[in-house]
Amino acid sequence: KQTRALFFDFVMYNPMQRFFLSCRLLFEFLPYGRIHAISSFRVMRIGLDSNRDYAVFGLDGVTYCMIIYYIYKDLLMWQFLGGPRYWKIKWHWLNWIIYT
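Values in this document were obtained by computation on a predicted structure and should not be read as measured data. (Residues numbered from 1 in each chain as written. Predicted model: local features only at pLDDT ≥ 70, side-chain atom pairs only at ≥ 80, totals over all residues. Heavy atoms only, no water.)

This part takes up the sheet that holds strand 3 (residues 35–45). A sheet is described by the order of its strands in space; here three strands give the open sequence 1-2-3, paired in antiparallel fashion. Since the sheet does not close on itself, it has two edges, and those belong to strand 1 (5–14) and strand 3, each with one partner. Shown here is a sheet whose adjacent strand axes are inclined to one another by a mean of 10°, direction ignored. The pairing of strand 1 with strand 2 (residues 19–29) spans ten bridges and is classified as antiparallel. Counterpart to Asn 14 in the pairing with strand 2 is Phe 19. (Pairing = 2+ DSSP bridges. Helix = DSSP H or I, 4+ residues; strand = E, 2+ residues; numbered from the N terminus. Axes fitted to C-alpha atoms, helices over the stretch in contact; angles between N-to-C directions.)

Encoded structure:
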């Protein structure tokens, strides 16, 4: 048996900018002898630094609360109408597609 893929995962930190860089290097050994290389890099900032960060965090919270509220309302409507009648209305299908 041979190794199919080799992963290198590492994280770097820049203290001046307070950024984390997550790196993944993947080397996949294909059956016909080639090596397929794939790289993935993600830059992340941990923590809230400015008033803008707090505002975005708060608005995200409001958005999630609204989504939970509308899911709750759709579940009540599903309970009220019953399963088959609820799914006959095309807008309910669209709502659940949007939720996912």
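Next up on the list: the environment of Thr 63. You can see Thr 63 is positioned in helix 1 (residues 51–81). Thr 63 sits in the partly exposed class, given a relative accessible area of 41%. Between the C-alpha atom of Thr 63 and that of Gln 2, which follows or precedes it by 61 residues, the distance is 49 Å. Among the polar contacts listed, one links the side chain of Thr 63 to the backbone oxygen of Leu 59, at a separation of 2.9 Å. (Buried < 20%, exposed > 50% of the residue type's maximum accessible area, 1.4 Å probe, protein only. Polar contact = N/O pair within 3.5 Å; in protein donor to acceptor, adjacent residues only side chain to side chain.)

Bringing the packing of aromatic side chains into the picture now. Going through the model one piece at a time under the given rule, you end up with six aromatic pairs. A ring pair is formed by Tyr 86 and Trp 87, whose centres lie 4.9 Å apart and whose planes are at 85°; its orientation type is edge-to-face. Between Trp 87 and Trp 93 the ring centres are 4.8 Å apart and the planes differ by 55°, which places this aromatic pair in the tilted class. Note on Trp 93: relative accessible area 45%, which makes it partly exposed. Connected via pairs of aromatic rings, a cluster forms that spans Tyr 86, Trp 87 and Trp 93. (Phe/Tyr/Trp six-rings, centres within 6.5 Å; stacked < 30°, edge-to-face > 60°.)

Per the stated rule, a full pass over the model turns up two salt bridges. Of the charged contacts in the structure, one is a salt bridge between Arg 24 and Asp 9, with a shortest N-O distance of 2.7 Å. Residue Arg 24 is found in strand 2, and its partner Asp 9 is found in strand 1; the two are separated by 15 residues along the sequence. Its relative accessible area of 40% is what places Arg 24 among the partly exposed residues. What makes Asp 9 partly exposed here is its relative accessible area of 48%. (Salt bridge = Lys/Arg side-chain N within 4 Å of Asp/Glu carboxyl O.)

Attention shifts here to the side chain of Asp 74. Inspection of the secondary structure assignment puts Asp 74 in helix 1. We note that Asp 74 is buried and unpaired, the nearest opposite charge coming from Lys 73 at a distance of 8.1 Å. For Asp 74, the residues in contact, after removing those within four places along its chain, are Tyr 86, His 92, Asn 95, Trp 96 and Tyr 99. (Lys, Arg positive; Asp, Glu negative; His and termini not counted. Contact = heavy atoms within 4.5 Å.)

Moving on: the packing of helix 1 against helix 3 (residues 90–99). Closest axis-to-axis distance for the helix 1/helix 3 pair is 11 Å, and the angle between their directions is 145°. As helix 1 runs across helix 3, the sense of the crossing is left-handed. Contact with helix 1, carried on its side by Tyr 70, Ile 71, Asp 74, Leu 75, Met 77 and Leu 81, involves His 92, Asn 95, Trp 96 and Tyr 99 of helix 3 and no other residues of that element. Residues of the contact of helix 1 with helix 3, tallied by class, amount to seven nonpolar, two polar and one charged. (Left-handed = near helix turned anticlockwise from the far one by under 90°. Nonpolar A, V, L, I, M, F, W, Y, C, P; charged D, E, K, R; others polar.)

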